[in-house]
Amino acid sequence: MRRVNIQEDEYDREDDDPEGYAGAAIHITKRLGARALAVKAFVIPPGQALCPYHYEYEEEWLMVLEGSVLVRTPSGEEKLGRGDVVAFPAGPEGAHKVGNAAEVNARLVMFSSAREPSVAVYPDSDKIGVWPGNEADELMLRRKDGAVDYWDGES
């Protein structure tokens, strides 16, 4: 049986994360060799955010383990603290950004289905990301640049 300890295991950091998005994660699903759920644990330092404001086409859940986070949704901003659990619905009404406005690290877990392909929409930057399950086919594009008719280029 594989095991992950989100309190004691080392969290992975991405060296190329831009300022404002520095944090660390444990991709629990991958470490356990699991497939049905996409589960990640995060540590977000003060003044940093998890990822840009976005929505997906799968329900996504957030559980705050330590500290507090400020969550932006279409309804505004709300502070969540230790023990709070929320769900972001699929689609535009589930748009969210999770940041740490406190002075200590926040630790949280986010999870959803692990279905692929997956799509995320980033309203602030007018982008769409597509993750089909094959890294070579992943795509990030601006919506206004990518708008073509379904039959464009077909004969």
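Before going into details, it helps to say that this report is about the structure given with it. Since this is a predicted model, take the numbers as computed values, not measurements.

### A few points about the pairing of strand E12 (residues 127-131)
Logical step 1: Sheet topology places strand E11 (residues 118-122) next to E12; 5 bridges connect them, and they run antiparallel. When the sheet's bridge partners are listed, Val121 is paired in E12 with Ile128.
Logical step 2: Linking two consecutive strands that pair antiparallel, namely E11 and E12, is a turn of 4 residues; a positive phi of about 55° is found at Asp126 within it.
Logical step 3: Sheet analysis places E12 next to strand E13 (residues 139-142), joined by 4 bridges and oriented antiparallel. Counterpart to Val130 in the pairing with E13 is Leu139.

### Structural notes on unusual backbone geometry
Logical step 1: Cis peptide bonds are those with omega within 30 degrees of zero, and the linkage from Glu116 to Pro117 qualifies with 5°.
Logical step 2: Here the phi dihedral of Asp126 falls at roughly 55°; this positive angle occurs in a residue that is not glycine.
Logical step 3: If you trace the backbone, Asp126 turns up in the loop between E11 and E12.

### Here we look at the sheet that holds E12
Logical step 1: The strand order across the open sheet built from 4 strands is E4-E11-E12-E13, with neighbouring strands paired in antiparallel fashion. Looking along the sheet, the strands with just one partner apiece sit at the ends: strand E4 (55-56) and E13.

### Side note on the packing of aromatic side chains
Logical step 1: Taken as a whole and assessed by the stated rule, the structure comprises 2 aromatic pairs.
Logical step 2: A ring pair is formed by Tyr55 and Tyr57, whose centres lie 5.8 Å apart and whose planes are at 75°; its orientation type is edge-to-face.
Logical step 3: The class for Tyr55 is buried, based on a relative accessible area of 8%.
Logical step 4: Arg72 extends its terminal NZ or CZ atom over the ring of Tyr53, reaching a point 3.6 Å from the ring centre.
Logical step 5: One residue, Lys127, lies across the ring of Tyr122, its end atom 5.6 Å from the ring centre.

### Things to note about the environment of Leu80
Logical step 1: Counting through the fold element by element, Leu80 comes out in strand E7 (residues 76-81).
Logical step 2: When the C-alpha positions of Leu80 and Tyr122 are compared, they lie 22 Å apart, and in sequence the two are 42 residues distant.
Logical step 3: Aside from chain neighbours lying at most four places away, what touches Leu80 is Leu62, Val64, Gly67, Ser68, Val69, Val71 and Val86.

### Structural notes on the environment of Ser68
Logical step 1: As for its placement among the helices and strands, Ser68 is situated in strand E6 (residues 68-73).
Logical step 2: For the pair Ser68 and Arg115, spaced 47 residues apart in sequence, the C-alpha to C-alpha distance is 29 Å.
Logical step 3: If near-sequence neighbours (up to four positions away) are discounted, Ser68 is found in contact with Lys79, Leu80, Gly81, Asn100, Ala102 and Ala106.

### Things to note about the sheet that holds E6
Logical step 1: The 3 strands are arranged E7-E6-E9 in an open sheet whose pairing can be described as antiparallel. Strand pairing shows two members of the sheet lacking a second neighbour, E7 and strand E9 (97-99), which therefore form its edges. Sheet twist, expressed as the mean angle between neighbouring strand axes with direction ignored, is 25°.
Logical step 2: Of the strand pairs in this sheet, E6 and E7 are connected by 6 bridges, and their pairing is antiparallel. The residue of E7 that forms the bridge with Ser68 is Gly81.

### Remarks on the pairing of strand E2 (residues 24-27)
Logical step 1: Two strands pair when backbone bridges link them, and strand E1 (residues 12-13) and E2 are joined in this way by 2 bridges, in the antiparallel orientation. Residue pairing for E2: Asp12 is matched across the bridge by Ala25.
Logical step 2: Examined bridge by bridge, E2 and strand E3 (residues 37-44) share 4 bridges and lie antiparallel to one another. Note on E3: the bridge partner recorded for Ala24 is Val43.

Conventions used here
Residues numbered from 1 in each chain as written. Predicted model: local features only at pLDDT ≥ 70, side-chain atom pairs only at ≥ 80, totals over all residues. Heavy atoms only, no water. Pairing = 2+ DSSP bridges. Helix = DSSP H or I, 4+ residues; strand = E, 2+ residues; numbered from the N terminus. Phe/Tyr/Trp six-rings, centres within 6.5 Å; stacked < 30°, edge-to-face > 60°. Buried < 20%, exposed > 50% of the residue type's maximum accessible area, 1.4 Å probe, protein only. Lys NZ or Arg CZ within 6 Å of the ring centre and 35° of its normal. Contact = heavy atoms within 4.5 Å. Axes fitted to C-alpha atoms, helices over the stretch in contact; angles between N-to-C directions.

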